[in-house]
Amino acid sequence: MLGNIDFDGAFFLRYLIDPPSIVWKGLGLTIVIAIVAQTFGVLIGLLVALARLSRFWILRQWAMFYVWIWRGTPILVQLLIIYTGVAAAGFYKYPDIVIGPLTITGPMQAALITLSLNEAAYMAEIFRAAISSIDKGQSDAARAIGMRSLTAMRCIILPQAARIVMPPLGNEFTLMIKGTSLLSVIGIRELFGTMQNINAATFRTFELFLVAAIWYLILTTLMSLVQRRLERHFSKHELPAEKTFKAEYKERSLLSGQR
Amino acid sequence: MMDAAPAKSNGSLVRILDVHKSFGDLKVLRGVTIQVPRGEVVCVIGPSGSGKTTLVRCINHLEKIDSGRIYVNGRLVGYREVGGRIVEERESVVAEQRQNIGMVFQRFNLFPHLSALDNVMVGPRRVLKRPRAEIEPEAKALLERVGLGDKLASYPSQLSGGQQQRVAIARAFAMQPTLMLFDEPTSALDPETVGEVLDVMKTLAKGGMTMIVVTHEMGFAREVADRVVMMDEGVIVEEGRAEDLFLRPREERTKAFLKAIR
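Residues numbered from 1 in each chain as written. Chains lettered and ligands numbered in written order. Predicted model: local features only at pLDDT ≥ 70, side-chain atom pairs only at ≥ 80, totals over all residues. Heavy atoms only, no water.

Draft legend 1. A look at the interface of chain A and chain B. Counting residues at the interface gives 24 residues for chain A, matched by 24 residues for chain B. Between chain A and chain B lies a buried interface of about 2100 Å² when both sides are counted; carbon and sulfur atoms form 60% of it. Considering only the surface of chain A that becomes buried against chain B, Ala144(A), Ile145(A) and His237(A) emerge as the three largest contributors, covering 29% of it. Counting across the chain A and chain B interface gives 5 residue pairs in polar contact (both at pLDDT 80 or more). (Contact = heavy atoms within 4.5 Å. Buried area = accessible area lost by both parts, 1.4 Å probe. Polar contact = N/O pair within 3.5 Å; in protein donor to acceptor, adjacent residues only side chain to side chain.)

In structure tokens form, the structure reads like this:
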């Protein structure tokens, strides 16, 4: 038997279609954080992957250690160590960083550092798998025409690895968008944090969190549309048969993306 | 350019001296010596596992050698000599040496993300850093010479095996090498496309290119090879003019091998 249903449909619709400006700001912040952290995650991840595949033992060990640490601990714990822990122990107090008109607050610094470094560990594994899957004959051919290994990596191997990376990268970015909701615990007013604040004043929990969920769904859906575009762009030289295979690969990686 | 031993050249473009090479416990090359004068075409035949692919990969230092010396153009390839021993050269030096040695692979190894034209241009552009405007006409002309003037924009996946291999030959030739290595260039091809690749190779040979070709195409060997080398178990069993070696082999192992592939 249902109790008294308390769902304010007008409130829900207002917040979904015409929310106050702080919600728009929260949404904007979520997008910006996700893009910045994903970008750094990709760049650092590539470096870690190259270190992992390096011929120098010490670099390989370091890369393995990096991935082991960042992938083996919960991101919420990482976030609290990097922000609260580091500040509490007095290593770094997170003063605001001002770059021109832009002020990066302490929590924001910690958030970007944590999300980027955490993401880098996953991207490193994705890049490593992609690079390793390129046929050995490609680097033979590149070296045979006189390329150094760095040139071969840049001009021959990475462009081919890029299209293999694309489906799991889209996956990672989806996880990143959703993952930013964790930042509310260190007081960042991104989308979810903003909704929690409004909730504290209005107690319209179900309506507000439902609105948040719908907005995350809109973001991740837009994301997958962009991803489809990019994949088509990167595989323009492929035969239809290869594309089918890639689609299957993507299905599997969606499941393995859980964490 | 620094050169440790230019004086050792005796007119041969390629001098392979007593080369040994192992993969772990497996001895792949057990003292191979071959000299190839400029402009000569040498075909290397032999059963699989005889070390012929490894030998050509050693010539441009895609494989390291354990002992011996390989000179191309009077320069030690991939190594420098220090007190009678060989020490591996820096990567930049090896890369520069490879620019003069073209290589064609059994499985083509074209770059799948680049069009036929870009495959041919990527060496001159990325390695020699020449401007696109200058090399594009050259690359087009090269592809026309191998009969692919209408496939410039095609990606490797859109080309047949024979077409891919002809692009690969053009790609190697675009670096204007003094030596071309072919590692079983027709073994992965459909029979009907073997001829078109051999024709391109014959044109190259007749143009005076120095070539070392691992192949079992006896027709090709008889038509253009100055010499045929028979390898087995990491050593040279027999060498001689194509006619002599194919029609009147002296060694039992050569006879058995020729009988098996006929």
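There is more to say after this.
Draft legend 2. Main features of a nonpolar patch on the surface. Residues and elements named next belong to chain A. Taken together, the side chains of Phe91, Tyr92, Ile97, Ile99 and Leu102 define a hydrophobic patch exposed on the protein surface, amounting to about 520 Å² of accessible area. Mapping Phe91 onto the fold places it in the loop between helix 4 (75-88) and strand 1 (97-99). Looking at Phe91, the relative accessible area reads 69%, which means it is exposed. (Patch = residues over 30% accessible without salt bridge, like charges linked within 9 Å, V, L, I, M, F, W, Y side chains within 5 Å. Areas by Shrake-Rupley, 256 points an atom, 1.4 Å probe, with all protein chains shown as cover. Salt bridge = Lys/Arg side-chain N within 4 Å of Asp/Glu carboxyl O. Helix = DSSP H or I, 4+ residues; strand = E, 2+ residues; numbered from the N terminus. Buried < 20%, exposed > 50% of the residue type's maximum accessible area, 1.4 Å probe, protein only.)

Draft legend 3. The arrangement of the environment of Gly195(B) in detail. Mapped onto the secondary structure, Gly195(B) falls in helix 6 (residues 191-206). For Gly195(B), a relative accessible area of 33% corresponds to the partly exposed category.

Draft legend 4. Expanded view of the sheet that holds strand 11 (residues 227-232) of chain B. Residues and elements named next belong to chain B. Spatially, 6 strands are ordered 8-9-10-3-11-12 in an open sheet, and the strand pairing comes out mixed. Since the sheet does not close on itself, it has two edges, and those belong to strand 8 (101-104) and strand 12 (235-240), each with one partner. Here the average twist between neighbouring strands, direction ignored, is 20°. As defined by bridge partners, strand 3 (residues 41-45) adjoins strand 10 (residues 210-214) across 4 bridges and the pair is classed as parallel. Bridge pairing in strand 10 links Val42 to Ile212. (Pairing = 2+ DSSP bridges. Axes fitted to C-alpha atoms, helices over the stretch in contact; angles between N-to-C directions.)

Draft legend 5. Structural detail: the sheet that holds strand 2 (residues 26-37) of chain B. Residue and element names in this part refer to chain B. Here we have 4 strands laid out as an open sheet, ordered 2-1-4-5, and antiparallel in their pairing. Each edge of the sheet is formed by a strand with only one pairing partner; in this case those strands are strand 2 and strand 5 (75-76). Sheet topology places strand 4 (residues 67-72) next to strand 5; 2 bridges connect them, and they run antiparallel. By the bridge assignment, Tyr71 is partnered in strand 5 with Leu76. Of the strands in this sheet, strand 1 (12-23), strand 2 and strand 4 touch helix 1 (residues 52-59), which is tilted by about 60° from strand 2.

Draft legend 6. Here's a closer look at the packing of helix 6 (residues 136-144) of chain A against helix 7 (residues 149-179) of chain A. Residues and elements named next belong to chain A. It is the contact of helix 6 with helix 7, at a shortest axis distance of 10 Å, that shows an interaxial angle of 155°. Relative to helix 7, the element helix 6 is oriented roughly antiparallel. The element helix 6 and its partner helix 7 pack so that their crossing is right-handed. When helix 6 is examined against helix 7, the residues Gln138, Ser139 and Ala142 are found in contact with a partner set consisting of Ala152, Ile156, Ile157 and Gln160. Tallied by class, residues from the contact of helix 6 with helix 7 come to 4 nonpolar, 3 polar and no charged. (Parallel < 35°, antiparallel > 145°, perpendicular 65-115°, else oblique. Left-handed = near helix turned anticlockwise from the far one by under 90°. Nonpolar A, V, L, I, M, F, W, Y, C, P; charged D, E, K, R; others polar.)

Draft legend 7. Examining helix 9 (residues 252-261) of chain B more closely. Residues and elements named next belong to chain B. Residues of helix 9 that are buried: Thr254, Phe257 and Leu258. Seen from one end, helix 9 has its buried residues packed into an arc of 95°, which puts them on one side. Facing away from the buried surface of helix 9 by more than 90 degrees, the exposed residues are Glu252, Lys259 and Ala260. Buried residues in helix 9 make contact with strand 3, helix 7 (218-224), strand 11, strand 12 and helix 8 (242-247). (Arc of directions from axis to C-beta.)

Draft legend 8. Highlighting the packing of aromatic side chains. Evaluated as defined, the whole model comprises 10 aromatic pairs over all chains. An angle of 45° between the planes, with centres 5.7 Å apart, marks the rings of Trp62(A) and Tyr66(A) as tilted. Of this pair, Trp62(A) and Tyr66(A) both sit in helix 3 (residues 57-72), 4 residues apart, which is roughly one turn of the helix. Taking relative accessible area as the criterion, Tyr66(A) reaches 10% and is therefore assigned buried. Note on Phe65(A) and Trp68(A): the rings are 5.9 Å apart at their centroids and 45° apart in plane angle, and the pair reads as tilted. With Phe65(A) and Trp68(A) both in helix 3, this residue pair falls 3 residues apart, about one helical turn. Phe65(A) sits in the partly exposed class, given a relative accessible area of 49%. The cationic tip of Arg171(B) hangs over the ring face of Phe111(B); the distance from NZ or CZ to the ring centre is 4.5 Å. (Phe/Tyr/Trp six-rings, centres within 6.5 Å; stacked < 30°, edge-to-face > 60°. Lys NZ or Arg CZ within 6 Å of the ring centre and 35° of its normal.)

Draft legend 9. View of the pattern of salt bridges. Per the stated rule, a full pass over the model turns up 29 salt bridges over all chains. Among the salt bridges present, the one from Glu134(B) reaches Arg130(B), with a minimum N-O distance of 3.0 Å. On the basis of relative accessibility, which here comes to 43%, the residue Glu134(B) falls in the partly exposed class. Salt bridges sharing common partners tie together Lys136(A), Asp140(A), Arg143(A), Lys21(B), Arg57(B) and Glu63(B).

Draft legend 10. Broad picture of helix 4 of chain A. Residues and elements named next belong to chain A. Along its 14 residues, helix 4 runs 19 Å from first to last C-alpha, staying within 8% of the 20 Å computed at 1.5 Å per residue. For helix 4, the complete set of buried residues consists of Gln78, Leu79, Ile82 and Ala87. Close packing links the buried residues of helix 4 with helix 3 and helix 5 (106-132). Downstream of helix 4 by a residue or two, Gly90 has a phi angle that is positive, lying close to 85°. (Expected span 1.5 Å × (residues − 1).)

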